[in-house]
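# Descriptive structure summary
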Amino acid sequence: MVKIPHRLYLSEDEMPKQWYNMRADMKELPAPMINPATMQPATEEDIYPVFCEKLAHQELDNETRYVDIPEEVLEMYKIYRPSPLIRAFNLEKTLDTPAKIYYKFEGNNTSGSHKLNSAIAQAYYAKDQGLKGLTTETGAGQWGTALAEACSYFGLPLTVFMVKVSYQQKPFRKAVMQTFDADVIASPSNTTEIGRKILAENPNTSGSLGCAISEAVEKAVSTEGYRYVLGSVLNQVLLHQSIIGLESKIAMEKLDEYPDIVIGCAGGGSNLGGLIAPFMQDKLTGKANPRIVAVEPASCPSFTRGKYAYDFCDTGKITPMAKMYTLGSGFIPSANHAGGLRYHGMSPILSKLYHDKYMEAVAVEQSKVFEAAVLFAKKETILPAPESAHAIRTAIDEALKCKESGERKTILFGLTGTGYFDMTAYESYHDGKMNDYIPTDEELQKGFDSLPEIPVK
Ligand SMILES: *Cc1c(COP(=O)(O)O)cnc(C)c1O
């Protein structure tokens, strides 16, 4: 019998050399992106002004099952990957559960999250196409940091529009991005037309991801040789993040394990889509049937209270429209602390899988999430990002259900990052000042009212 180690690192040679594209195995595909100018499905050429060519191809490619990871991308991956698969022995003992809890830890890099996995790919393809620079948005700051690291590695200039509330709450994030030469601007800003318009309507707004996306897209399309890149939601991002799940599956196989339940937090769905990819493949092809659970904040409940409808990916309504679970691009969530989960929509791929009942979703309240984060930090000695703590909360709840039923389930969850830039959030939890704001139906309706009218086909 193999003695189960606390952490399993694959060797560099065992690291996957290809990403996996779930769409190739889906029985029914996600609805196509729509070009708002023509109201027709977007073509690759339609999206070239926004995305670089190889990424536009990946975005629309529903057929290629495995995509080679470019050598240059693998070289940078090897600086911080493979990431460890860890057995939470001490947490299990504390919970007194028969369940086995594993987690895949993606916080072992300076950006502190899984976002670097896609940032590297996107910066590489942009450089390869000879572009002059990139723009992006960042909410909690992890994506901006990840992209700044990747752009600096490949020598590409970068402008980051950072959601104003995060810019104010996390000044050191800005300093990290500047370390990697990024130009960081608080959004909404007066550097773009859409930013000026939003500020005129609502001067005290704390900003939103959708609004920062609009500014970044405007800056990209109005600057020669620039493109916009996005760190979540898109099909290409889920593709790049499949490295998380592929590594997890190989590591679990080495331990002779297979998860009964796979759990991940869901903002735009990229880490979850990546973590579940090979397990969803087993489900789609009938090889296995693990439960797959998305965890979202009760304050921004895209899956559990959203509508499955075409919507813009940004508040400025510049990007193509995608059919997804959404709260409406006009929805501005309350300023909760899981900044990375405050997006109005959800990956179109995951939305389709959820709609077709291949996965479940739960919404959890903020103070319960922090209770789980603090317990996890004490028992496993990693201070989790608030986003990641959503998955911890649900993993603990599932392990406690096993305690009741006596079942020895194997749980795998994604620990997407560390929380060192989120100490204001931890502080408000410790001081008992955290509130669990849950939007009313009337508030959600305002967001739904912003959904675009799509002619019925
Ligand atoms: C951005 C972020 C998330 C949420 O984004 P997804 O695209 O849903 O994965 C989760 N955890 C961390 C640490 C993040 O930075």
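In case you missed it, the structure is sitting above this.
Source: prediction; values computed, not measured.

What counts as what
- Residues numbered from 1 in each chain as written.
- Predicted model: local features only at pLDDT ≥ 70, side-chain atom pairs only at ≥ 80, totals over all residues.
- Heavy atoms only, no water.
- Helix = DSSP H or I, 4+ residues; strand = E, 2+ residues; numbered from the N terminus.
- Rg over C-alpha atoms; globule rule 2.2 N^0.38 Å.
- Buried < 20%, exposed > 50% of the residue type's maximum accessible area, 1.4 Å probe, protein only.
- Contact = heavy atoms within 4.5 Å.
- Axes fitted to C-alpha atoms, helices over the stretch in contact; angles between N-to-C directions.
- Parallel < 35°, antiparallel > 145°, perpendicular 65-115°, else oblique.
- Left-handed = near helix turned anticlockwise from the far one by under 90°.
- Pairing = 2+ DSSP bridges.
- Core = buried A, V, L, I, M, F, W, Y, C linked by side-chain atoms within 4.5 Å.
- Phe/Tyr/Trp six-rings, centres within 6.5 Å; stacked < 30°, edge-to-face > 60°.
- Salt bridge = Lys/Arg side-chain N within 4 Å of Asp/Glu carboxyl O.
- Near = heavy atom within 4 Å.
- Polar contact = N/O pair within 3.5 Å; in protein donor to acceptor, adjacent residues only side chain to side chain.
- Areas by Shrake-Rupley, 256 points an atom, 1.4 Å probe, with all protein chains shown as cover.
- Nonpolar A, V, L, I, M, F, W, Y, C, P; charged D, E, K, R; others polar.
- Disulfide = S-S within 2.5 Å.
- Expected span 1.5 Å × (residues − 1).

A count of helical and extended segments in the protein chain gives 18 helices and 17 strands. Whereas a compact globule of 457 residues would reach a radius of gyration of roughly 23 Å, the protein chain reaches 20 Å, a difference of no more than 12%. When its C-alpha atoms are laid out on the principal axes, the protein chain stretches across 60 × 50 × 50 Å. Expressed as a percentage of its 457 residues, the buried residues of the protein chain come to 63%. Considering only residue pairs separated by 6 or more positions, the protein chain has 76% of its internal contacts joining residues 24 or more positions apart.

In this section: the packing of helix α3 (residues 71–80) against helix α6 (residues 142–154). For the pair α3 and α6, interaxial distance at closest approach is 12 Å and the crossing angle is 125°. Taken together, the axes of α3 and α6 are oblique relative to one another. Regarding α3 and α6, the two cross each other, and that crossing is right-handed. Between α3 and α6, the residues in contact are Glu72, Glu75, Met76 and Ile79 and Glu149, Ala150, Tyr153 and Phe154, respectively.

What follows covers the pairing of strand β7 (residues 100–105). Across the six residues that make up β7, a large majority, six, are buried. Judged by which residues are buried, β7 turns out to be covered on both faces: Lys100, Tyr102 and Lys104 on one side and Ile101, Tyr103 and Phe105 on the other are all buried. As defined by bridge partners, strand β6 (residues 85–87) adjoins β7 across three bridges and the pair is classed as antiparallel. Opposite arginine 87, over in β7, you have tyrosine 102 as the bridge partner.

This part covers the environment of leucine 284. Looking at where leucine 284 falls in the secondary structure, it is placed in helix α12 (residues 270–284). Since its relative accessible area comes to 5%, leucine 284 is described here as buried. In the structure, leucine 284 is positioned 259 residues away from aspartate 25 in sequence and 6.4 Å away in space, judged by C-alpha atoms. If we skip the residues at most four places from it in the chain, leucine 284 touches Met22, Asp25, Met26, Lys27, Leu353 and Tyr358.

With that out of the way, let us pick up the nonpolar core. Grouped together as the largest cluster of nonpolar side chains are 73 residues, with contacts concentrated most on Trp19, Met22, Tyr77, Phe303 and Met359. Leave out the neighbours within four places in its chain, and methionine 359 touches Leu272, Ile276, Met280, Ile292, Ala294, Phe303, Leu350, Leu353 and Tyr354. Counting 35 residues, the second largest nonpolar core, distinct from the first, contains Val369, Ala373, Phe376 and Ala399.

A few words now on the packing of aromatic side chains. Counted according to the given criterion, the structure contains 15 aromatic pairs. Centroid distance tyrosine 308 to tyrosine 325: 5.0 Å. Interplanar angle 15°. Geometry classified as stacked. Of this pair, tyrosine 308 sits in strand β14 (residues 307–312) while tyrosine 325 is found in strand β15 (residues 321–326), placing the two residues 17 residues apart along the sequence. Owing to a relative accessible area of 18%, tyrosine 308 belongs among the buried residues under this scheme. Classification of tyrosine 325 by relative accessible area gives buried; the value is 9%. Plain terms: the ring middles of phenylalanine 370 and tyrosine 426 are 5.2 Å apart, the flat faces sit at 75° to each other, and that makes the pair edge-to-face.

Using the criterion set out here, one finds 24 salt bridges in the structure. Across the salt bridge formed by glutamate 92 and arginine 87, the nearest N and O atoms sit 2.6 Å from each other. Taken as a pair, glutamate 92 and arginine 87 share a single burial class, namely buried. We note a salt bridge from arginine 393 to aspartate 397, for which the minimum N-O separation is 2.8 Å. With arginine 393 and aspartate 397 both in helix α16 (residues 386–405) and four residues apart, this pair spans about one turn of that helix.

The immediate surroundings of the ligand are formed by 18 residues, with Lys115, Ser232, Gly267, Ser270 and Thr416 found nearest. Glutamine 142 is positioned with one of its side-chain polar atoms (N or O) 3.3 Å from an oxygen atom of the ligand. Between the ligand and the protein, one listed contact pairs an oxygen atom with a backbone N or O atom of glycine 269 at 2.8 Å. Across the complex, the protein chains shield 98% of the 380 Å² of accessible surface that the ligand would expose by itself. The residue inventory of the shell around the ligand, partitioned by class, reads four nonpolar, twelve polar and two charged.

The final tally for this structure, using the stated rule, is zero disulfides. Looking at cysteine 52, it has no disulfide partner, and the nearest cysteine sulfur is the one in cysteine 151, 11 Å off. Looking at cysteine 151, the relative accessible area reads 1%, which means it is buried.

Moving on to helix α15 (residues 366–380). Compared with an ideal rise of 1.5 Å per residue, which puts 15 residues at 21 Å, α15 spans 20 Å between its outermost C-alpha atoms and is within 8% of the ideal. Directly after α15, the chain includes threonine 381, whose backbone phi takes a positive value near 55°.

In short, shape yes, function no, at least from these values alone.
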